Amino acid sequence: MTSLGAVFRPQLPPERLREVVRTADAAGLEELWLWEDCFLESGVATAAAALAWSERLRVGVGLLPVPLRNVALTSMEAATLHRLFPGRVALGVGHGVQAWMGQVGARVESPLTLLREHLTAMRALLRGERVTVDGRYVKLDGVALDWPPATAPAVLAGATGPRSLRLTGEAADGTILDAAVPPEGVRNARRLIDEGRAAAGRTGRHEIVIYLHTATGTGAEDRLTAELDRSGGASTPGLGVAGDAGAVAKAVQRLVDVGADTVVLQPTADEPDPEGFVRFVAEEVRPLVPHPADGS
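What counts and what doesn't
- Residues numbered from 1 in each chain as written.
- Predicted model: local features only at pLDDT ≥ 70, side-chain atom pairs only at ≥ 80, totals over all residues.
- Heavy atoms only, no water.
- Phe/Tyr/Trp six-rings, centres within 6.5 Å; stacked < 30°, edge-to-face > 60°.
- Helix = DSSP H or I, 4+ residues; strand = E, 2+ residues; numbered from the N terminus.
- Buried < 20%, exposed > 50% of the residue type's maximum accessible area, 1.4 Å probe, protein only.
- Expected span 1.5 Å × (residues − 1).
- Arc of directions from axis to C-beta.
- Contact = heavy atoms within 4.5 Å.
- Core = buried A, V, L, I, M, F, W, Y, C linked by side-chain atoms within 4.5 Å.

Chemist: Outline the packing of aromatic side chains, listing residues and values.
Modeler: Across all of its chains, the model carries three aromatic pairs by this definition. Here the aromatic rings of Trp33 and Tyr211 are separated by 6.4 Å at their centres, their planes lie at 85°, and the arrangement is edge-to-face. Placement of Trp33 in strand β2 (residues 31-34) and of Tyr211 in strand β9 (residues 207-215) is noted, with a sequence separation of 178 residues between them. Of the residues examined, Trp33 reaches a relative accessible area of 0% and is grouped as buried. Tyr211 gets classed as buried once you look at its relative accessible area, which sits at 5%. With centroids separated by 6.4 Å and ring planes inclined at 45°, the aromatic side chains of Phe277 and Phe280 adopt a geometry described as tilted. Taken as a pair, Phe277 and Phe280 lie in helix α10 (residues 274-285) at a separation of three residues, close to a single helical turn. There is no split in this pair, since Phe277 and Phe280 are both buried.

Chemist: Which residues make up helix α8 (residues 220-231), and what values go with them?
Modeler: A rise of 1.5 Å per residue sets the reference length of α8, with its 12 residues, at 16 Å; its end C-alpha atoms lie 16 Å apart and thus fit the reference within 8%. The set of residues buried in α8 consists of Ala220, Arg223, Leu224, Glu227 and Leu228. The arc that holds the buried residues of α8, viewed along the axis, is 130°, so those residues lie on one side. For α8, the exposed residues set more than 90 degrees away from the buried face come down to Glu221, Asp222 and Arg230.

Chemist: Which residues make up the environment of Val138, and what values do they have?
Modeler: If you trace the backbone, Val138 turns up in the loop between β5 (131-134) and β6 (139-143). On the accessibility criterion, Val138 (7% relative accessible area) is buried. With 90 residues separating them in the primary sequence, Val138 and Leu228 have C-alpha atoms 37 Å apart. Apart from residues lying up to four places away in sequence, Val138 is in contact with Val71, Leu114, Glu117, His118, Ala121 and Val133.

Chemist: Give me the lowdown on the nonpolar core, citing residues and values where you can.
Modeler: By size, the foremost hydrophobic cluster in this structure holds 79 residues, and its most contacted members are Leu29, Leu32, Val252, Val263 and Leu265. Sorting elements by how many residues they give to this core places helix α5 (residues 111-126) first, with nine residues. Ignoring anything within four residues of it in the chain, the contact list for Leu32 reads Ala6, Val7, Phe8, Leu17, Val21, Leu57, Arg58, Val59, Gly60 and Val278. Val7, Ala90, Leu156 and Ala179 belong to the second largest nonpolar core, which has 10 residues in total.

Spelled out as C-alpha cells, the structure:
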C-alpha cells in the first residue's frame, strides 16, 4: 500500500494548523506530517491538536530530536498519543540538527550512540517492559510505563548517512528520509537499511517514508527552484517536482518504484495556499497514484 501525505511546515504560525487539518480531513488526505524544527513549533503539541481536530487523518511527526528529550518523556508522550488516537499516530526520532543541539547545550559527542540507546529503550518501554539500562547517554532504573499502548507501535527514525541508515534497519521499525534524497538515493538507503536488519536478525515490514519537494499552481517552477537553491539541492538531478497533478504523481511513483512506502509532499516554505495544497494532494494527486492492489 502506497501512502501519500503532505507536510504542514512550521514556518506557518501554529494558529494556521487547525484550518489546514480540517481541510485535509475533509478532503480525505491520508497523512499530515509535522516537524519539530528548532525553534519553531513543538512536534508533540501540534500532533495532539491535529489528531483532536480530525477524525481519520494519520498524523506523523518527523522527527523528534533525541538530544532534546529524555527517553522516558518521549515514550510517555508517544504512549499517550497512541492510546488516545490508536492507529493514527506515526512518530519518528533522530539526531537533530547538530548546530541547533549546540545552541541549547544538548549536543553530544556520539549522536549515533545516543540514537541507538534511545531507540532501544523507547521501543522496549512502548512494548510495556520494565527497563533498566546504564548506557553512555540513556540511563533508566526500573522504568515502566503505567499506560503503554495496547499494541506496541512502530517507532521510526530519521537517517541520512550510511551508518545511520544501517542503524535504523537494526534498531527502528521504519526510516524517514528527507527531501534531499533523490530516487536513486532511496534505492541505496533501502540496501543499507536491509543490511542493518539482516545483521540484527530483524524480519517483518520496515516502512520507508520520504519527503518530496513539491510546488504547484502559479509560479511553481520559480518557487521550487528557489527552495532547492536555499536547501543546496539545486544541482541534484530528480530532486523535487513542479507542475500539475500528473507531473507530481509521476514523481511520487518514481520514489515508490525504488522502495518508498510513504511519500510526503513537502510544499515550499512560501506556499501561498496551504489549505489548497492539502486539497490538491488528496483530491488530484492521490487518484493518480495507484495502490499495489490495483495491479498497476
